[in-house]
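Close look at the chain arrangement
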Amino acid sequence: MVVLATDLDGTFVGGDPSDKKELYELIEANRHKITLIYVTGRSMQSIRRLEHIPKADYYISDVGTMVWKGTELFKEVQEKIDARWSEDHEKRAKEMMDGVPGVGLQPSAGGRRVAFDYIEHELETSVWDLGKMFQEAGFNPIISHRKYLDVLPHGVSKGPTLKSLLEHITADTSKLITAGDTLNDLSMFHYSTSLASATSILVGNADKEVREALKEVPNIHRAERAGAGT
């Protein structure tokens, strides 16, 4: 059984409409051979608003902090994430950015995380320095799209959560395919490239930062076309 674990925005729902149509039809025609997993920064509520994409078997939402089988939480993995997050973590993360110029809280963000928007030219220090502050405070900061700063539980992100899910469903990781386009996909690529037979696809429209981070990493297919194209 092939396992396709893919980011959504800029990846699975990105690119030319004809490429997307061809990919979606290929998946639907072979659903008995494919386990489809969406690995995204979106919440489940936001994912459900996407139309004309195949329904996934599993969903890793909110930058790896929530795991679903269909519409139900996948408790075996979710409980491990929940154990790393509390109201105190949320409070501390918010307080650390309170009043920081150029940084704003995303009030509607879900999952076991605190999400901020930032405006680079309004920051008094680099966003990487802010990320270091969160690391030193015991969080896992994820910077992406040159405008998002997600503060996650220590040790939690897309890659570790995908690994845990695949172990629980006893998936054949030799047939794993991952695809992404930004720095919040970096841990997923680190996981898939550590597996000898997995396929890792960096889409043609991938951000410069993730390209730079992966330039020395072998076993990555660097696609020419954007999003769902190859």
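Here the residue numbering is sequential within each chain, running from 1 through the sequence in written order. Totals for whole chains, interfaces and linings use every residue, but because this is a predicted model, local features are given only for residues with pLDDT of at least 70 and side-chain atom pairs only at 80 or more, for both listing and counting. Note that the side-chain values use all heavy atoms of the structure and ignore hydrogens as well as water.

What about the pairing of strand S8 (residues 139–144)?
The buried label applies to any residue whose accessible area, calculated with a 1.4 Å probe on protein chains only, is under 20% of its type's maximum; exposed applies above 50%, and partly exposed to all values in between. Runs of H or I in DSSP of at least four residues are treated as helices and runs of E of at least two as strands, each being numbered from the N terminus. A large share of S8 lies buried, amounting to six of its six residues. Alternating residues of S8 divide into Phe139, Pro141 and Ile143 and Asn140, Ile142 and Ser144, and every residue in both groups is buried. Between any two strands, pairing holds if DSSP finds at least two bridges. Here six bridges tie S8 to strand S9 (residues 148–153), and the two strands are oriented antiparallel to one another. Looking at the pairing, asparagine 140 lines up with leucine 152 of S9. Remark: three residues form the turn of the hairpin made by S8 and S9, two consecutive strands paired antiparallel; histidine 145 in that turn has positive phi of roughly 60°.

Describing the packing of helix H5 (residues 87–97) against helix H6 (residues 127–136)
Angular values range over 0 to 180 degrees, each being the angle between N-to-C directions of two axes fitted as lines to C-alpha atoms, with helices fitted over their stretch in contact. Following both chains from N to C, one finds H5 and H6 inclined at 145°, their axes separated by 11 Å at the closest point. Every pair of crossing elements has a handedness; the one defined by H5 and H6 is right-handed. From H5, Ala93, Met96 and Met97 reach across to H6, where they touch Leu130, Met133 and Phe134. By residue class, the composition of the contact of H5 with H6 is six nonpolar, no polar and no charged. Crossing handedness is defined as follows: a turn of the near helix away from the far one that is anticlockwise and smaller than a right angle gives a left-handed crossing, while the clockwise case is right-handed. Residues count as neighbours in contact if any of their non-hydrogen atoms are within 4.5 Å of one another. Basically, the charged four are Asp, Glu, Lys and Arg, the nonpolar ten are Ala, Val, Leu, Ile, Met, Phe, Trp, Tyr, Cys and Pro, and anything else, Gly included, counts as polar.

Regarding the pairing of strand S4 (residues 66–69)
The sheet contact formed by strand S3 (residues 58–61) and S4 spans four bridges and is antiparallel. Counterpart to tyrosine 58 in the pairing with S4 is lysine 69. Hairpin connection, S3 to S4: the antiparallel pair is bridged by four residues, and aspartate 62 has positive phi, about 55°. Bridging between S4 and strand S5 (residues 72–73) involves two bridges; their strand directions are antiparallel. The residue bridging tryptophan 68 from the neighbouring strand is leucine 73, located in S5.

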